[in-house]
Amino acid sequence: MYSKTVIEHFQNPHNYGKIENPDGTGKVGNPRCGDIMYLYIKVKEDKITDIKFETLGCAAAIATSSVVTDLAKGRNIFDALKINSENVIEKLEGLPVIKVHCSLLAADALAEAVYDYLKKSNKAVPEELEERHRQINKES
Ligand code: FES
């Protein structure tokens, strides 16, 4: 079933909680399983200085969010957008196939938070991120 690392992150998630007055917020949901995730970022000079998440979802959704926040903290926002499902699954030492969509949810929540930050601060949104934002909102 789940790897030891998934269980560890689920039982003791890193960066869990809410940031008051975040610079960007991402909210994504999966209509099929009903899981919802919020991800908050604080940004300074385009660098993610703080990141937290709240997930109402399965163990894999919580573990993947924990890993995504670990991977993104301290990174440049555009660099953080490169975090994908494969990176997350590798960090977690595998995920059952039926749980792979949970890892997408966390990476998408981060992309949405970066999108929100760029919009709020009147910065240019790369076309690729604009398209990803459209896709995410079409699906949820
Ligand atoms: Fe849907 Fe995990 S079962 S996010």
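Parameters at a glance
Residues numbered from 1 in each chain as written. Predicted model: local features only at pLDDT ≥ 70, side-chain atom pairs only at ≥ 80, totals over all residues. Heavy atoms only, no water. Salt bridge = Lys/Arg side-chain N within 4 Å of Asp/Glu carboxyl O. Helix = DSSP H or I, 4+ residues; strand = E, 2+ residues; numbered from the N terminus. Buried < 20%, exposed > 50% of the residue type's maximum accessible area, 1.4 Å probe, protein only. Expected span 1.5 Å × (residues − 1). Core = buried A, V, L, I, M, F, W, Y, C linked by side-chain atoms within 4.5 Å. Contact = heavy atoms within 4.5 Å. Axes fitted to C-alpha atoms, helices over the stretch in contact; angles between N-to-C directions. Parallel < 35°, antiparallel > 145°, perpendicular 65-115°, else oblique. Left-handed = near helix turned anticlockwise from the far one by under 90°. Phe/Tyr/Trp six-rings, centres within 6.5 Å; stacked < 30°, edge-to-face > 60°.

**Student:** Kindly report on the pattern of salt bridges, identifying the contributing residues and their values.
**Tutor:** Where charged atoms of side chains with opposite charge meet at close range, the side chains can pair. Enumeration according to the criterion identifies 10 salt bridges in this entry. Salt-bridge contacts for Asp50 lead to Lys73; the nearest nitrogen and oxygen are separated by 3.8 Å. Taken together, the residues span a long stretch of sequence, with Asp50 in strand 3 (residues 47-56) and Lys73 in the loop between helix 2 (59-72) and helix 3 (77-80) at a distance of 23 residues. With a shortest N-O distance of 3.6 Å, Lys82 and Asp79 are connected by a salt bridge. What makes Lys82 exposed here is its relative accessible area of 58%.

**Student:** Could you give an account of helix 5 (residues 100-120), with specific residues and numbers?
**Tutor:** With 21 residues, helix 5 should reach 30 Å at 1.5 Å per residue; the first-to-last C-alpha distance of 31 Å fits that figure. Most of helix 5 is tucked away, with 16 of its 21 residues classed as buried.

**Student:** Describe the nonpolar core, naming the residues involved and giving the relevant values.
**Tutor:** Counting 37 residues, the largest nonpolar core has Ile41, Ile48, Leu110, Val114 and Leu129 as its most contacted members. When contributions to this core are tallied by element, the ones reaching two or more residues are strand 2 (36-44), strand 3, helix 2, helix 3, helix 4 (85-91), helix 5 and helix 6 (127-139). The leading source of residues in this core is helix 5, at 11 residues. If sequence neighbours within four positions are ignored, Leu110 has contacts with Leu39, Ile41, Ile48, Ile51, Val68, Ala72, Ala80 and Ile83.

**Student:** A description of the packing of helix 2 against helix 5 should follow, citing residues and the corresponding values.
**Tutor:** The interhelical angle for the contact between helix 2 and helix 5, taken along N-to-C directions, is 40°, at an axis separation of 8 Å. Judged by the inter-axis angle, helix 2 sits oblique to helix 5. In this structure, helix 2 crosses over helix 5, and the sense of that crossing is right-handed. Of helix 5, the residues touching helix 2 (which contributes Ala60, Ala61, Thr64, Ser65, Val68 and Ala72) are Cys102, Ser103, Ala106, Ala107 and Leu110.

**Student:** Describe the packing of aromatic side chains, with residues and values.
**Tutor:** Describing an aromatic ring pair means giving the distance of the ring centres and the angle of the ring planes. In the structure shown here, the tally under the stated rule is 1 aromatic pair. Relative to Phe53, the ring of Tyr16 lies with its centre 5.0 Å away and its plane at 85°, an arrangement referred to as edge-to-face. One end of the pair, Tyr16, is in the loop between helix 1 (4-11) and strand 1 (24-29); the other, Phe53, is in strand 3, with 37 residues separating them in the sequence. Here Tyr16 falls in the partly exposed class, since its relative accessible area comes to 42%. Given a relative accessible area of 0%, Phe53 falls into the buried group.

These values are about where atoms sit, not about what they do.
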